[in-house]
Amino acid sequence: MNIGQASKASGVTTKMIRYYDEIGLVQPSARNDANYREYGERELNELRFIRRARSLGFSMAEITQLLSLWRDRERPSREVKAIAERHLAGLDARIAEMQAMAETLRHLSHCCAGDDRPDCPILADLTAGSLPSEPKPPPSRRPA
């Protein structure tokens, strides 16, 4: 099948298929008489594999490793699991960071009156330059 048909069958755009071919991630098995790439079932399975791995957030380096292990029928599954667990640890860390950011913003938004006054704890916090995981300086109190 040609690249357009492979794109439809795999759910991967033709642009990405060409990119994967360019970087050597997927290699079409042959070219036809008109010198067009030909994609077979093996390539379709690899494209689907890559699409699914990308949807799970794996990096291109991780996908390259996973694809190599998938192609090797003699591989120990512990290598695959180690890659997945490292990726999962990274996801968990990013989730924790995002939760901390959300909690900080939730708190700041709650503290902001959102009225016509210029005082705004959100802007004050941004000016302070602290990170979500850093302790926040106590808010300055203006005399009443």
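Relevant structure appears above.
Cut-offs used in this document
- Position labels on residues start from 1 in each chain and follow its written sequence.
- Only residues with pLDDT of 70 or above have their local features reported here, since the model is predicted, and side-chain atom pairs are shown and tallied only from 80 upward, although totals for entire chains, interfaces and linings are computed over all residues.
- Hydrogens and water molecules were not included; the side-chain quantities draw on all heavy atoms of the structure.
- The definition of a nonpolar core used throughout is a set of buried Ala, Val, Leu, Ile, Met, Phe, Trp, Tyr and Cys residues joined through side-chain atoms within 4.5 Å.
- Here the term buried applies to any residue with accessible area under 20% of the maximum for its type, exposed to any over 50%, and partly exposed to those in between, with areas from a 1.4 Å probe on protein chains only.
- Secondary structure elements are defined from DSSP: runs of H or I of at least 4 residues count as helices, runs of E of at least 2 residues count as strands, and each element is numbered from the N terminus.
- The criterion used for residue contact is that any of the two residues' heavy atoms lie within 4.5 Å.
- An axis is simply a line fitted to the C-alpha atoms; with a helix, the fit covers only the stretch in contact. Between two such axes, the angle follows the N-to-C directions and lies from 0 to 180 degrees.
- Here is the rule for angles: anything less than 35 degrees is roughly parallel, anything more than 145 is roughly antiparallel, 65 through 115 is roughly perpendicular, and the remaining ranges are oblique.
- Each helix crossing is assigned a hand: it is left-handed if the near helix lies turned anticlockwise from the far helix by less than a right angle, otherwise right-handed if that turn is clockwise.
- Note on residue classes: Ala, Val, Leu, Ile, Met, Phe, Trp, Tyr, Cys and Pro are nonpolar, Asp, Glu, Lys and Arg are charged, and everything else, Gly too, is polar.

Chemist: Can you walk me through the nonpolar core in this structure?
Modeler: Side chains of nonpolar character tend, in soluble globular proteins, to be buried together. Ile17, Tyr20, Leu25, Leu47, Ile50 and Ile63 are the most contacted members of the largest nonpolar core, which totals 19 residues. Broken down by secondary-structure element, the contributors of at least two residues to this core are α1 (3–10), α2 (14–22), α3 (41–55) and α4 (60–71). Considering every element that reaches this core, the biggest residue donor is α4, with five residues. When sequence neighbours within four positions are dropped, the list of residues in contact with Leu47 reads Ala6, Ser10, Val12, Ile17, Tyr20 and Val26.

Chemist: Looking at this structure, how should I read the packing of α4 against helix α5 (residues 77–111)?
Modeler: Each pair of packed helices gets described by two things: the angle between the helix axes and the distance between those axes. Interaxial distance between α4 and α5 falls to 10 Å at its minimum, and their mutual angle equals 160°. In terms of their interaxial angle, α4 and α5 are classed as roughly antiparallel. In terms of crossing hand, the pair formed by α4 and α5 is left-handed. Along the contact surface, α4 presents Glu62, Gln65, Leu66 and Leu69, while α5 presents Glu79, Val80, Ile83, Arg86 and His87. Residue composition of the contact of α4 with α5, by class: four nonpolar, two polar and three charged.

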